[in-house]
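Understanding the architecture of this molecule
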Amino acid sequence: MTGTRPAAHGGTAAGARARGVAATVRGGWFGFAGSAVNALFGFLLVAVVTRGLGAHGAGAVFAGVAAFTTVSNACKLGADTALVRFVSRDLELTGGAGVPALLRTAVPPALAASTACAALLFLSPAPATWLLPGLPAGQALAVVRLFALLLPVATVSLVLLGATRGYGSVVPFVGVEQIGKPVLRVVLALPLVLFAPSVLTLSAAWLAPALLGAAAAWISLRRSRAAHRGGAGGSGEKRPVSPGEFWSFAGPRALSSVFDIAAVWIGVVLLSALGTGAEAGIYTAVGRLVTAGTLLQLAVRLAVAAQISRLLTAGLEREAEHLHRLSTRWIVLFSWPLFMLLAAFPATVLSLFGPGFGQGAAALVVLSAACVVNVGVGNAQTVVLMAGRSTWNLATAGAGFAAQLGAGIWLVPRYGVTGAALAWGLAIVVDNTASALLVRRLGFRTADRGYLHAAAVAVAAVAPPAFAARLLWGDTPWGAVLGGAFAVCGFCAALWRYRVPLGVGEFLRALRKGSEGKSRRASRAS
């Protein structure tokens, strides 16, 4: 673990710890709300598209979405994560004086890369016919060209939102990526399903919000810079970050981010190419569900990254470790119960997407088990990145993706949706286990007494009633309702009983202070 300054004295360290926890709680709370909206409208979009086009047509739409998301994340070149780290670092050292230079370093290469990829996709028919073999060649090419047109816009938008996260606020990212775009996609898709349902029109409904998202990202960044203009930096070294230093961090992150996003979507692509469009649609629904289970982890990751970077820059390693342990405890406490409920009633939950989706029940159980490992290590990858070890992150993400791709090529033709889930689950376990070991090497402890209490409460309060209801009433709506109700009651009782070792008081104090601070600022403004 590295810091650029000697550790601060006790009072400063305690204040930095409190500010870090408060910022994480407030940002995580808003991020969780945004993630919930994202998941809800993501479910609605999948339901609208699948009911409008059927599993086959939906598989074609989401295969295009998968390719677009993977390519746009590749074209960021890791600049968004680098901006989170270096903007927060610059604010700590110089008060934000180096941010304009950081933006000039980050944005033009990402724009150039995305424009080049868009031109290639627009001019070459080969990717379209490979990605969408179930569509006529002309229609497939039209869909891919539509995605290519908005690729540079979406890519630059994500880079700019990375800079806003570096300022310590998750509001712009959550507002654009987790609330604005998902809601607009459903609003646009609904009339199209009723009056003009096709793969091309619904792909356009998914893409169109990117234009408004880019404008909102730019405005948010300008406001963040204006709010911090003239701010005082710390007393540490004020040497600006060179382009070489920036890209030596961003380069490995560029590759690892491709592996991260490809891990989510490669199953859809493999099923579309090696299986059937219907299987790709079912797998997309399963992926939506397990992604919903990681809502809190994602929300905390958005809020905690800049805080950990700031603390490490200030030399406050113990405070950064405390923030990681505390956030992991909350993630485990509130995420594990959901995965246990998904594993207990997979067919019932999948039936919400329509008839035929229950075939993904085994895949949902597999991925729920793998995601217990994922959330169990907290945001280990974020700690590794904010400590400046992007090459370590690349190694773990690459190992996981290699395992997933190799297993997927062998398993998907034989076991379909379940095979794709087994391959993704293997990648999740490999990546997260390796990241947890690297975090330990950095000197961070993830598990402590509070973590063990959180794990015990999550398992003991939820698993017995959920699986007892499954045995008594089966994987049915009635069983899911009763099992979920008993599990919630048991969880709430255990949460109250062990509120002290779980750190519930610290969470509520941080949230209350944040609300009081907002009220004072509103009073001054009025």
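Remember, predicted model here, so these are calculated numbers, not experimental data.

**Quick look at the overall build of the protein**
The number of helices and strands found in the protein is 21 helices and 0 strands. Counting all 526 residues of the protein, 55% fall into the buried class. Partitioning the contacts of the protein with sequence separation of at least 6, the portion at a separation of at least 24 is 85%. Of the accessible surface of the protein, which amounts to about 21,000 Å², a share of 69% is contributed by carbon and sulfur atoms.

**Re helix α18 (residues 449-473)**
Its 25 residues place the ends of α18 36 Å apart at the C-alpha level, agreeing with the 36 Å of an ideal helix rising 1.5 Å per residue. Along α18, the helix axis deviates most sharply at Ala-463, where the bend reaches about 30°; the proline Pro-464 sits within four residues downstream. Among the residues of α18, the N-terminal cap falls to Asp-448, whose side-chain oxygen and the backbone nitrogen of Gly-450 are separated by 3.2 Å.

**Focus: the pattern of salt bridges**
Summed over all chains, the structure comprises 8 salt bridges. Residue Arg-253 is joined to Asp-260 by a salt bridge in which the shortest nitrogen-to-oxygen separation is 3.0 Å. Through salt bridges that share partners, Arg-318, Glu-321, Arg-325, Arg-329, Arg-445 and Asp-448 make up one connected network.

**Structural notes on the side chain of Thr-328**
Residue position: Thr-328 is located in helix α13 (residues 317-344). Relative accessible area serves as the criterion here: at 0%, Thr-328 is assigned to the buried category. Those residues in contact with Thr-328, other than ones at most four positions away along the chain, are Gly-376, Val-377, Gly-378, Asn-379, Thr-446 and Tyr-451.

**A closer look at the packing of helix α7 (residues 171-195) against helix α8 (residues 199-207)**
Contact pair α7 / α8: the axes reach a minimum separation of 8 Å and the direction vectors enclose 160°. Judged by the angle between their axes, α7 and α8 are roughly antiparallel. Between α7 and α8 lies a crossing whose hand is right-handed. Touching Arg-185, Leu-188, Ala-189, Leu-192 and Val-193 of α7 are Thr-201, Leu-202, Ala-205 and Trp-206, all from α8.

**A word on the nonpolar core**
Grouped together as the largest cluster of nonpolar side chains are 140 residues, with contacts concentrated most on Leu-83, Leu-132, Phe-246, Ile-308, Trp-336 and Leu-350. Discounting residues that sit within four places of it in the chain, Phe-246 has contacts with Ala-79, Ala-82, Leu-83, Phe-86, Leu-102, Thr-105, Ala-106 and Val-241.

**Re the packing of aromatic side chains**
Considering all chains together, one arrives at 9 aromatic pairs under this definition. Ring centres of Tyr-283 and Trp-424 lie 6.2 Å apart, and the angle between their planes is 50°; this geometry places the pair in the tilted category. Note that Tyr-283 is positioned in helix α11 (residues 277-293) and Trp-424 in helix α17 (residues 390-441), a separation of 141 residues in sequence. There is no split in this pair, since Tyr-283 and Trp-424 are both buried. Summarising the aromatic geometry, the rings of Phe-334 and Phe-491 are spaced 5.9 Å apart at their centres and angled 70° between planes, so their arrangement reads as edge-to-face. One end of the pair, Phe-334, is in helix α13; the other, Phe-491, is in helix α19 (residues 477-497), with 157 residues separating them in the sequence.

**Topic: a nonpolar patch on the surface**
Together, Leu-472, Trp-473, Trp-478 and Phe-486 make up a nonpolar patch on the protein surface, roughly 500 Å² of accessible area in all. Looking at the nonpolar patch, the elements that each hand over two or more residues are α18 and α19. One can find Leu-472 in helix α18.

**Quick notes on the environment of Gly-388**
Relative to the elements of secondary structure, Gly-388 occurs in the loop between α16 (380-386) and α17. Sequence separation between Gly-388 and Ser-309 is 79 residues, and the spatial gap between their C-alpha atoms is 8.9 Å. Not counting residues within four places of it along the chain, the set of residues in contact with Gly-388 comprises Arg-85 and Phe-249.

**Looking at the environment of Gly-408**
Tracing the chain through its elements places Gly-408 in helix α17. Owing to a relative accessible area of 1%, Gly-408 belongs among the buried residues under this scheme. In sequence terms Gly-408 and Leu-422 are 14 residues apart; their C-alpha atoms lie 7.9 Å from each other. Other than its neighbours up to four places away in sequence, Gly-408 contacts Leu-270, Pro-413 and Ala-423.

**A short note on unusual backbone geometry**
Non-glycine residue Leu-77 carries a positive phi angle of around 60°. Under the relative-accessibility criterion, Leu-77 is labelled partly exposed at 24%.

Conventions we followed
Chains are numbered independently. Their residues run from 1 in the order of the written sequence. pLDDT decides what is reported in this predicted model: residues at 70 or higher carry local features, side-chain atom pairs at 80 or more are listed and counted, and totals for whole chains, interfaces and linings draw on all residues regardless. Neither water nor hydrogens contribute to the side-chain values; these are computed over all heavy atoms in the structure. For helices the rule is a DSSP run of H or I covering at least 4 residues; for strands it is a run of E covering at least 2, with both sets numbered from the N terminus onward. Three labels apply to residues, based on accessible area from a 1.4 Å probe with only protein chains included: buried if under 20% of the type maximum, exposed if over 50%, partly exposed otherwise in between. Working rule for contacts: check all heavy atoms of both residues, and any pair within 4.5 Å makes them a contact. In short, Shrake-Rupley with a 1.4 Å probe defines the accessible areas, and a residue's cover is counted only from the protein chains shown. What a helix should span is 1.5 Å times the count of its residues minus one. Two axes enter the definition of the bend at a residue: one is fitted to the seven residues ending there, the other to the seven starting there, and the bend is the angle between them. Pairs of N or O atoms within 3.5 Å make up the polar contacts considered here, provided that, within protein, one atom can donate a hydrogen while the other can accept it, and that residues adjacent in sequence are counted only when both atoms are side-chain atoms. Salt-bridge detection follows one rule: a side-chain nitrogen of Lys or Arg within 4 Å of a carboxyl oxygen of Asp or Glu. As a rule, the C-alpha atoms of each element are fitted with a line to give its axis, helices using only the stretch in contact, and angles between N-to-C directions run from 0 to 180 degrees. In these notes the angle categories are as follows: under 35 degrees is roughly parallel, over 145 is roughly antiparallel, 65 to 115 is roughly perpendicular, and the rest is oblique. Handedness of a helix crossing follows the sense of rotation of the near helix relative to the far helix, less than a right angle counterclockwise being left-handed and clockwise being right-handed. Here, nonpolar core means buried Ala, Val, Leu, Ile, Met, Phe, Trp, Tyr and Cys residues that are tied together by side-chain atoms lying within 4.5 Å of each other. Think of it this way: a Phe, Tyr or Trp ring, Trp meaning its six-membered ring, pairs with another when their centres are within 6.5 Å, and the plane angle makes it stacked under 30 degrees, edge-to-face over 60, tilted otherwise. Patches draw on residues past 30% relative accessible area with no salt bridge. Two like charges within 9 Å are joined, as are two nonpolar side chains (Val, Leu, Ile, Met, Phe, Trp, Tyr) within 5 Å.

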